[in-house]
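As a plain string of letters, each chain reads:
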Amino acid sequence: MSIWWSLHLRREAASVPLARRLLLGTMETAGVDPDVSYELSVALTEACANAVEHGGGGGSRDPGGAPSEAYRVTAYLDGETCRIEVADSGPGFPGSAVPAVPSEEAEHGRGLRLIEELADHVQFGNRSGRGGAVVSFDKILKWRDSPSLLMA
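Residues numbered from 1 in each chain as written. Predicted model: local features only at pLDDT ≥ 70, side-chain atom pairs only at ≥ 80, totals over all residues. Heavy atoms only, no water.

- Under an unreviewed UniProt entry, the name given to the protein is ATP-binding protein, and the source organism is Streptomyces tanashiensis.

Okay, structure coming up:
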């Protein structure tokens with residue numbers, strides 16, 4: 001089975017649970033194990049929260065020429081893997097594009113560490129040309145015994 005979707009969301013706190021619910025609904029429909037779905041949804045929540053908090057003020061502009069106030073979430077369920085990408089229009093990651101692992105006492109950056117713990121593979125980077133950060137992660141899926149397919 002192959003499913004993918006992409007959302008362009010406003011950089012508002014209310015957009016984060018929307019993305020999370022869509023991911024959880026997709027996973028449930030596809031028959032993904034609830035524990036795996038939950039872990040991916042927590043990682044997605046952290047990535048979206050970072051885009052909302054830090055994803056503005058970069059060089060990217062909307063069609064009207066104003067600074068972009070949106071971010072993009074794309075999810076791919078393909079075979080045995082789920083891949084999620086969250087891209088914003090902020091200043092991006094400073095320096096080498098790989099955030100330093102924060103200490104346990106750090107005020108910021110713990111969400112990135114949590115994403116690393118919950119996913120099988122994580123990439124942090126900067127969008128080339130347009131500015132902004134990209135966080136992408138994937139996880140090998142486990143399946144429930146009986147998938148619940150929605151019939152139209």
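**Some details on the sheet that holds strand E4 (residues 121-126)**
Logical step 1: Reading across the sheet, the five strands line up as E1-E2-E3-E5-E4 and stay open at both edges, with antiparallel pairing between neighbours. The open sheet terminates on both sides in strands that have one partner only, identified here as strand E1 (2-10) and E4. Shown here is a sheet whose adjacent strand axes are inclined to one another by a mean of 10°, direction ignored.
Logical step 2: Note that E4 and strand E5 (residues 133-140) share six bridges and pair antiparallel. By the bridge assignment, Gln123 is partnered in E5 with Ser136.
Logical step 3: Its contacts with the sheet put helix H1 (residues 15-30) on E1, strand E2 (70-78) and strand E3 (81-87), and the angle it makes with E1 is roughly 170°.
Logical step 4: Where helix H2 (residues 34-54) meets the sheet, it contacts E2, E3 and E5, and its direction lies at approximately 180° from that of E5. (Pairing = 2+ DSSP bridges. Helix = DSSP H or I, 4+ residues; strand = E, 2+ residues; numbered from the N terminus. Axes fitted to C-alpha atoms, helices over the stretch in contact; angles between N-to-C directions. Contact = heavy atoms within 4.5 Å.)

**Some details on the side chain of Ser41**
Logical step 1: Inspection of the secondary structure puts Ser41 in helix H2.
Logical step 2: With residues up to four places along the chain from it excluded, the contact list for Ser41 reads Arg20, Leu23 and Leu24.

**What to know about the environment of Arg72**
Logical step 1: Among the structural elements, Arg72 can be located in strand E2.
Logical step 2: Not counting residues within four places of it along the chain, the set of residues in contact with Arg72 comprises Ser6, Leu7, His8, Glu85, Val86 and Ala87.
Logical step 3: Of the polar contacts made by the side chain of Arg72, one reaches the side chain of Glu85; its length is 2.5 Å. (Polar contact = N/O pair within 3.5 Å; in protein donor to acceptor, adjacent residues only side chain to side chain.)

**Considering the confidence of the model for the protein**
Logical step 1: Residues with a pLDDT of 70 or more make up 78% of the protein, whose mean pLDDT is 85.
Logical step 2: Across the protein, the secondary-structure element scoring lowest on mean pLDDT is helix H3 (residues 110-118), at 91, and the one scoring highest is E3, at 97. (pLDDT = per-residue confidence, 0-100.)

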